[in-house]
Amino acid sequence: MADGEVTTPADVGAETDKSPAAVEEASARRRGAGPKRGDGAEVSNLDIVRHHFELAADRLALADDVRVVFWTPYREVTVQIPVKLSDGRTHVFSGYRIQHNGARGPYKGGIRFHPEVDVDEVRALASLMTWKTAVANVPFGGAKGGVNCPGDLEPSELQEIARSFMDKIEKVLGPNRDIPAPDVNTNAQVMAWLMDEYGKLHGHTPAIVTGKPIALEGSYGREAATGRGCVYMFREAAPHLGVSPADTTFVVQGYGNVGSWAARIMQQLGARMVAVSDANGAIRSDQGIDASKLQEYLSAGGTITDFDGAEEIDPDDLVAVPCDVFIPAALGGMINEHNAERMRCKVIVEGANSPTTPAADRILRDQDVYIIPDVMANAGGVVVSYFEWAQNLQHFRWDEREVNDKLGTVMRRAYREVSGRAREEGIDLRQAAYLVGIERVVEASRTRGYI
Ligand code: GLU
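Within each chain, residues carry numbers counting from 1 in the order of the written sequence. Owing to the predicted nature of the model, reporting of local features is limited to residues with pLDDT of at least 70; listing and counting of side-chain atom pairs is limited to 80 or more, with chain, interface and lining totals taken over all residues. Derived side-chain values reflect all non-hydrogen atoms in the structure, with water molecules and hydrogen atoms excluded from consideration.

1. A few points about the overall build of the protein
No. 1: A run of H or I in DSSP becomes a helix once it reaches four residues, and a run of E becomes a strand once it reaches two; helices and strands are each numbered from the N terminus. In terms of helices and strands, the protein carries 14 helices and 13 strands.
No. 2: When we talk radius of gyration, it's over C-alpha atoms, and the globule rule is simply 2.2 Å times the number of residues to the 0.38. For 451 residues, the compact-globule estimate of 2.2 N^0.38 gives 22 Å, and the protein sits close to it at 21 Å.
No. 3: Referenced to the eigenvectors of the C-alpha coordinate spread, the extents of the protein come out at roughly 65 × 60 × 45 Å.
No. 4: When each of the 451 residues of the protein is scored for burial, the buried share is 60%. Remark: exposure states derive from per-residue accessible area (1.4 Å probe, protein chains only) relative to the maximum for the residue type, with buried under 20%, exposed over 50%, and partly exposed in between.

2. Re the side chain of Asn101
No. 1: On the secondary structure map, Asn101 appears in strand β3 (residues 90-101).
No. 2: Accessibility expressed as a relative area gives 7% for Asn101, which makes it buried.
No. 3: Side-chain atoms alone can form a polar contact between residues adjacent in sequence; in general such a contact is a pair of N or O atoms within 3.5 Å, and within protein one must be able to donate a hydrogen while the other accepts it. Only 2.8 Å separates the side chain of Asn101 from the backbone nitrogen of Ala103, close enough to count as a polar contact.
No. 4: We call two residues in contact when some of their heavy atoms are within 4.5 Å. The contact partners of Asn101, leaving out residues within four places of it in the chain, are Phe70, Tyr107, Thr130, Gly141, Gly142 and Val441.

3. Concerning the packing of helix α2 (residues 45-59) against helix α3 (residues 64-71)
No. 1: In this analysis, axes come from line fits to C-alpha atoms, helices being fitted only over the stretch in contact, and the angle between any two N-to-C directions falls in the range 0 to 180 degrees. Taken N-terminus to C-terminus, the directions of α2 and α3 make an angle of 145°; their axes are 12 Å apart at the nearest point. Handedness of the crossing formed by α2 with α3: right-handed. Along its contact with α2, which presents Leu46, Val49, Arg50, Phe53, Glu54, Ala57 and Asp58, the element α3 presents Arg67, Phe70 and Trp71. Two helices crossing with the near one rotated counterclockwise from the far one by less than a right angle form a left-handed crossing, whereas a clockwise rotation gives a right-handed crossing.

4. Comments concerning the sheet that holds strand β9 (residues 281-284)
No. 1: One open sheet holds the seven strands; their spatial order is β10-β9-β8-β7-β11-β12-β13, and the pairing between them is mixed. At either end of the open sheet lies a strand with only one pairing partner, and these are β10 (311-313) and β13 (370-372). Strand-to-strand twist across the sheet, computed as the mean angle between neighbouring axes with direction ignored, equals 20°. For two strands to count as paired, DSSP must find a minimum of two bridges between them.

5. Quick word on the confidence of the model for the protein
No. 1: Note on scores: pLDDT gives the predictor's confidence for each residue, bounded by 0 and 100. Per-residue confidence for the protein gives a mean pLDDT of 92, with 91% of residues at or over 70.
No. 2: In the predicted structure, residues 1-35 sits below a pLDDT of 50 and forms 62 contacts with residues beyond four places in sequence or in another chain.

6. Observations regarding the packing of α2 against helix α10 (residues 358-366)
No. 1: One can describe the packing of α2 onto α10 by two numbers: an axis separation of 9 Å at closest approach and a directional angle of 60°. What the angle tells us is that α2 and α10 run oblique. Across the interface between the two elements, Ile48, His51 and His52 from α2 touch Pro358, Asp361 and Arg362 from α10.
No. 2: Throughout, the ten residues Ala, Val, Leu, Ile, Met, Phe, Trp, Tyr, Cys and Pro are labelled nonpolar, Asp, Glu, Lys and Arg are labelled charged, and all others, Gly among them, are labelled polar. A class-by-class count of the residues in the contact of α2 with α10 yields two nonpolar, two polar and two charged. Every angle not falling under 35 degrees, over 145, or within 65 to 115 is termed oblique; those three ranges are roughly parallel, roughly antiparallel and roughly perpendicular.

7. Details of a nonpolar patch on the surface
No. 1: Candidates for patches are residues over 30% relative accessible area with no salt bridge; among them, like charges are joined within 9 Å and nonpolar side chains (Val, Leu, Ile, Met, Phe, Trp, Tyr) within 5 Å. In these tables, accessible area is a Shrake-Rupley quantity obtained with a 1.4 Å probe, and a residue counts as shielded only by the protein chains included in the view. Whenever a carboxyl oxygen of Asp or Glu lies within 4 Å of a side-chain nitrogen of Lys or Arg, that contact is scored as a salt bridge. A grouping of Val69, Tyr450 and Ile451 is seen on the molecular surface, where their side chains present a nonpolar patch of about 270 Å² in accessible area.
No. 2: The residue Val69 is located in helix α3 in this model.
No. 3: Classification of Val69 as partly exposed rests on a relative accessible area of 40%.

8. Describing the packing of aromatic side chains
Given two aromatic rings, one states the distance between the centres and the angle between the planes to describe the pair.
No. 1: A pair of aromatic rings is counted whenever rings of Phe, Tyr or Trp (Trp by its six-membered ring) have centres within 6.5 Å, and the orientation is called stacked for planes under 30 degrees apart, edge-to-face for over 60 and tilted otherwise. Under the counting rule described, the total for this entry stands at nine aromatic pairs.
No. 2: Ring centres of Tyr74 and Tyr107 lie 5.7 Å apart, and the angle between their planes is 15°; on these two criteria the pair is classed as stacked. Of this pair, Tyr74 sits in the loop between α3 and β2 (75-84) while Tyr107 sits in strand β4 (residues 107-113), and the two are 33 residues apart along the sequence.
No. 3: Relative accessible area serves as the criterion here: at 56%, Tyr74 is assigned to the exposed category.
No. 4: Centroid distance Phe140 to Trp389: 5.0 Å. Interplanar angle 65°. Geometry classified as edge-to-face. Taken together, the residues span a long stretch of sequence, with Phe140 in the loop between α4 (119-136) and β5 (142-147) and Trp389 in helix α12 (residues 380-394) at a distance of 249 residues. A single burial state applies to Phe140 and to Trp389, both of which are buried.
No. 5: An aromatic cluster of at least three residues, connected via ring pairs, comprises Phe140, Tyr386, Phe387, Trp389 and Trp398.
No. 6: When the NZ atom of lysine or the CZ atom of arginine is within 6 Å of a ring's centre and also within 35 degrees of its normal, the charge is said to sit over that ring. Directly above the ring of Phe140 sits Lys108, whose terminal nitrogen or CZ lies 6.0 Å from the centroid.

What follows is the structure, given as structure tokens:
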């Protein structure tokens, strides 16, 4: 293709052969080794969230017209992001910002850069944020954003996409309107570019995004917060399940920000990681894999399957490794009807969003696996985002201990409220969390006079 010619994501890299197979292969090559959604998942992320919403809405006897308000997003913005990548060609990506519900406060939710991002996935993730902020009881609504770009871009390419995306969505954002944060393939650096771009138009506004670098008014403890929150939830559940964190074995699926922090903090409690995967493969060692050393090794450019002292396993077999706690921290649909039966864990702590399909949920319930669901387990990220936002609005900074202590208080309270409800009604934590979340959003909407 000629220099400067415009391509869409579907034909990225397709030089002459435009057959669907060639296009798919070329696109996969360009995408590089990014995490991939569970191939065998029988349903989409949107189906998953919708399923749980409808079950809870039935239990709460929500009228049909009220359901529509809570199911459909308030605002959806789709933008074109044309970017010249290092191959010299202009690629046109699609960017989305979907604001699901703002009854409880400004819209809040991350931005993911991933080739599989599409409008339905962002809708699903945006609504999950509405219920998640309500379960954690932080004063935000729910939103999500995404760009369907490759997961393995050069820093200069990433920066261009981030700035272009911000230019196109800034009108619907604001510290009192909608506050983005990191998600899959975005990090503190990307948040710094987003804040800077917003600042060019509106003046310095640190509270416009959370998950920023410490040097740019980010919060201590934010980077580790999602993983730490998962561990706090597990620690709260452990005594009731007869497991002691110090004697626990665990498996992590996806060694990105959430998985690696959850693993390091589990290890500080004395727990042992017996298997782990990332987009490049999976490894196992019954003696234990050092979570901190693995993190250092991967950050230095190492490949997981070459890590010393562990044996390589087929990533599909990761779910079957016997352990006490399995932490899915990759993409949606990774635990599905095709592999749930093979799981040999007692507890699942969902670090990822929508990792478990409803069919897998049923299978695991029959196997007596206790699931701490995404909508509460991984809320630590948005809880510390709330702390970061509050610090930014006051131009004040808390130390890390204060952040972690406050995070612990919020996570424990959420666990107690949801598990209490689950006991009262004889339902699982996921259903109970949806009930608690939806009730709070309904109450805020009624009080405002929306419904
Ligand atoms: N992306 C994270 C999530 O899914 C964090 C969102 C935020 O901090 O706003 O919960």
